Amino acid sequence: MASDKENPYLAHLPPSERGVSSGARNGSANPAAKEPLYGFMPRKVNGNQVRKALEHETNPFTKLPHTPQYRKILEARKKLPVYAQMDEFYKMFSNNQIIVMVGETGSGKTTQIPQFVAYSDLPHTRGKLVACTQPRRVAAMSVAKRVADEMDVQLGRQVGYSIRFEDMTEPGTTFLKYMTDGMLLREAMNDPDLQRYSTIILDEAHERTLATDILMGLLKALAKRRPDLKIIIMSATLDALKFQKYFGLTTDAAAPLFKVPGRTHPVEVFYTQEPEPDYVEAAIRTVLMIHRAEDPGDILLFLTGEEEIEDACRKIKLEADDLINQDPDSVGPLVCIPLYSSLPPQQQQRIFDAPPSARTPDGPPGRKVVISTNIAETSLTIDGIVYVVDPGFSKQKVYNPRIRVESLLVSPISKASAQQRAGRAGRTRPGKCFRLYTEKDFMTELEEQTHPEILRSNLANTVLELVKAGIKDLVRFDYVDAPAPETLMRALELLNYLAALDDDGNLTPLGAIMAEFPLDPQLAKMLIVSPEFRCSNEMLTITAMLSVPNVWLRPNNQRKEADAAKALLSVPDGDHLTLLNVYNSYNQNKYDKNWAWTNYLSARALAQADNVREQLKRTMERYEVELVSIQDPKKLYFAIRQALCCGFFMQVAHKEGEKGNYLTVKDNQVVGLHPSCGLDNQPEWVIFNEFVLTTRPYIRTVTEVRVEWLLEYATQYYDLSTFTDGETKRALQRAANKRAGKFDRVDGADGGAQKKRKK
DNA sequence: GAGCACTGC
């Protein structure tokens with residue numbers, strides 16, 4: 001490398017270092033006095049150099065003098081366990097392309113390691129970035145803010161973050177970027193070499209989110225194509241060896257491990273002697289036992305869902321009140337606080353309230369009990385928790401590729417999860433964890449790790465992203481854990497029916513555009529084809545509404561009122577049309593802040609839909625998907641239902657008999673219309689957005705369609721030779737005959753196309 | 001006549 005141009009690494013160095021004579025040009029005999037990074041050789045930086053630069057009076061990235069706040073924070077940083085191992089880190093980082101790092105809670109890895117890397121990579125001198133991914137948006141935002149403060153720069157300039165709907169970076173200036181794993185995966189889709197980055201750090205890899213898992217596969221392959229790219233996988237202890245082996249560049253060499261101790265307090269673990277037949281009852285009993293007998297300190301109880309949590313809250317409150325009445329001198333007041341994700345943020349904030357005070361000045365102190373879903377296991381940290389009650393269950397997503405259904409199932413947690421839960425008791429001082437199962441069950445029955453999400457999900461979306469990223473052979477892709485072949489086959493099959501992939505598995509032009517939308521392939525497809533039906537404005541709305549959580553509120557004590565409000569907004573032809581109507585009404589009443597609430601709708605979800613709609617609209621404009629509408633409302637509703645068929649022709653059910661049962665097409669599952677469904681009759685053919693398995697199998701968000709549309713817009717899928725014999729096939733046959741102009745001699749019926757409404 | 005574990009684009 002002869003010139004500065006070829007070696008941008010040297011650009012930041014004083015002229016003398018670049019081979020240009022003169023320290024005198026700096027006006028100083030010692031250039032290091034002015035230039036904090038003087039003498040830094042990229043990726044050959046050591047701890048001494050960095051420590052010196054950190055103490056320097058000038059900020060090397062802004063060239064401004066360091067503020068007093070910087071110095072104060074720096075003193076705190078020096079006490080982090082990871083700071084003591086800076087030399088070791090630089091040695092390992094300089095000598096290896098891929099590192100696996102483990103650091104427990106409180107080690108400082110998430111804030112410090114990316115900064116260490118920045119001092120070594122010097123990405124600002126060559127227009128590169130250091131990226132650090134997080135599974136959650138809030139984490140990406142809050143860590144970026146913290147690190148910007150630590151580096152004495154403004155958030156969004158040298159240090160920024162990038163999450164969906166919010167890009168807090170400045171191109172050309174930002175060189176350290178925190179981002180969600182999903183965001184980096186999106187980037188990899190369009191730039192498989194991730195050229196912008198000099199180092200990529202995957203944080204919280206042990207959580208094994210779908211996006212992180214896919215990124216690990218992509219980065220492993222990319223490391224061979226880009227020897228200049230460095231990769232750090234950060235994880236909890238238990239998984240380290242698995243990642244080391246996976247990222248070993250040869251079969252027998254593992255990636256090196258950089259290990260940093262955590263800083264937490266010990267937690268004493270107790271087990272029950274016998275298995276508990278009813279874990280909710282046992283949990284309530286344990287909470288009350290702690291309240292009566294243990295020292296002050298708040299309690300965290302893990303349960304599986306909203307209903308269970310609200311129920312337990314009521315029961316604990318009743319029993320605690322009884323205790324106080326019986327024994328006011330030795331039992332203090334107790335508050336129960338529920339915590340789950342669908343609670344409005346304001347109510348979630350209650351977990352940070354102080355525990356209730358003693359009722360008399362020298363009476364027994366009060367206690368706070370937080371009853372939470374898994375959200376408190378990773379996403380939210382509550383200070384002051386000293387006792388954890390862990391019944392050992394959580395709701396987990398499972399995917400059945402045979403019937404293409406994702407459902408939630410209450411299942412035993414893993415050992416790793418149990419340890420994570422116990423750790424929640426030791427964040428501020430030594431704590432106790434009460435496991436409501438036997439030690440033997442813990443040792444022998446619980447799985448080591450929770451199954452990674454990739455093994456429990458429908459992969460249609462992921463497969464499309466991978467194909468777009470240039471991965472041709474999905475089955476032989478080097479996954480950390482390979483999904484079931486049937487799951488991949490199902491995904492490929494769906495994408496082929498949707499014409500996103502051709503018969504050889506190649507991406508079609510349509511598929512390439514579909515991949516650009518942050519949507520399930522079915523939704524992307526119907527949105528992209530909707531201009532042909534001249535209803536793309538409406539499909540845009542419906543797609544956005546289907547992409548956000550349920551907009552309907554149904555408070556326990558006002559169910560009737562809520563149902564009545566919903567009936568007023570319902571469109572009898574289908575729930576998809578109702579969603580359109582809800583959004584339009586919301587939009588027309590935006591001046592009225594109470595509109596959502598008075599109509600029993602979630603203002604939060606509607607605002608989210610608005611946000612998603614805008615994002616999708618921008619993508620449509622970018623790919624020239626026209627935004628059009630038909631004026632005549634009757635024709636418009638027809639067009640919408642036809643466009644729906646283009647995406648959801650595989651999610652169709654046919655009415656069987658008069659009992660309200662439906663049979664899903666091809667899979668032949670017996671399902672019912674979900675009670676929330678707003679159809680005013682039972683049409684012969686319906687498409688549905690969702691199959692849910694609760695008290696029985698239901699289809700939810702349902703709209704009536706005509707059989708001839710299915711034959712017309714999904715000819716390949718409705719090839720009758722692929723159907724098993726039965727009423728559905730006979731009905732399809734009648735419709736097909738009619739289309740072909742033949743007389744149906746079996747029973748003379750017309751396939752139900754002219755069916756009358758009951759009302 | 002039911003419910004929404006949790007994330008993410």
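Residues numbered from 1 in each chain as written. Chains lettered and ligands numbered in written order. Predicted model: local features only at pLDDT ≥ 70, side-chain atom pairs only at ≥ 80, totals over all residues. Heavy atoms only, no water.

Quick look at the overall build of chain A now. The helix and strand tally for chain A stands at 26 helices and 21 strands. With the C-alpha coordinates of chain A rotated into their principal frame, the extents come out at 100 × 80 × 60 Å. When the 759 residues of chain A are sorted by exposure, 53% land in the buried category. For chain A, contacts bridging at least 24 residues in sequence account for 71% of all contacts bridging at least 6. Positive and negative side-chain charges of chain A, numbering 97 and 97 respectively, have mean locations separated by a distance of 3 Å. (Helix = DSSP H or I, 4+ residues; strand = E, 2+ residues; numbered from the N terminus. Buried < 20%, exposed > 50% of the residue type's maximum accessible area, 1.4 Å probe, protein only. Contact = heavy atoms within 4.5 Å. Lys, Arg positive; Asp, Glu negative; His and termini not counted. Charge placed at Lys NZ, Arg CZ, Asp CG, Glu CD.)

If you walk through the whole model with that rule in mind, you get 20 aromatic pairs. Look at Tyr717 and Tyr718: their rings are 5.3 Å apart centre to centre, the planes differ by 75 degrees, and that puts the pair in the edge-to-face class. In this structure, Tyr717 and Tyr718 share a single accessibility class: buried. In this structure an aromatic cluster arises from ring pairing among Phe89, Tyr90, Phe93, Phe116 and Phe258. Above the ring of Tyr246, the side-chain terminus of Lys220 is found at 4.3 Å from the ring centroid. Note that Arg641 overlies the ring of Phe638, its terminal NZ or CZ placed 5.4 Å from the centroid. (Phe/Tyr/Trp six-rings, centres within 6.5 Å; stacked < 30°, edge-to-face > 60°. Lys NZ or Arg CZ within 6 Å of the ring centre and 35° of its normal.)

Let's shift gears to the protein's contact with DNA strand B. What surrounds DNA strand B is a group of 32 residues, the closest being Ser341, Lys395, Asn550, Arg554 and Thr694. Near-protein atoms of DNA strand B (within 4 Å) split between backbone and bases, with sugar and phosphate holding 58%. At a separation of 2.4 Å, a phosphate oxygen of DNA strand B approaches a polar backbone atom of Ser341. Between a phosphate oxygen of DNA strand B and a side-chain N or O atom of Arg700, the distance comes to 3.3 Å. When residues of the surface near DNA strand B are traced back to their parent elements, those giving at least two are helix H6 (181-190), helix H10 (306-326), strand S14 (393-400), helix H20 (559-569) and strand S21 (697-704). Considering each element in turn, the surface near DNA strand B owes the most residues, 3 residues, to H6. Its residues assigned to classes, the surface near DNA strand B comprises 10 nonpolar, 10 polar and 12 charged. (Near = heavy atom within 4 Å. Polar contact = N/O pair within 3.5 Å; in protein donor to acceptor, adjacent residues only side chain to side chain. Nonpolar A, V, L, I, M, F, W, Y, C, P; charged D, E, K, R; others polar.)

Right, let's get into the packing of helix H3 (residues 86-95) against helix H4 (residues 109-121). Relative to each other, H3 and H4 sit at 55 degrees, their axes nearing to 11 Å. Here H3 is positioned oblique relative to H4, judged by the angle of their axes. At the point where H3 passes H4, the crossing takes the right-handed sense. Facing H3, whose interface residues are Met86, Phe89, Tyr90 and Phe93, H4 presents Ile113, Phe116, Val117, Tyr119, Ser120 and Asp121. (Axes fitted to C-alpha atoms, helices over the stretch in contact; angles between N-to-C directions. Parallel < 35°, antiparallel > 145°, perpendicular 65-115°, else oblique. Left-handed = near helix turned anticlockwise from the far one by under 90°.)

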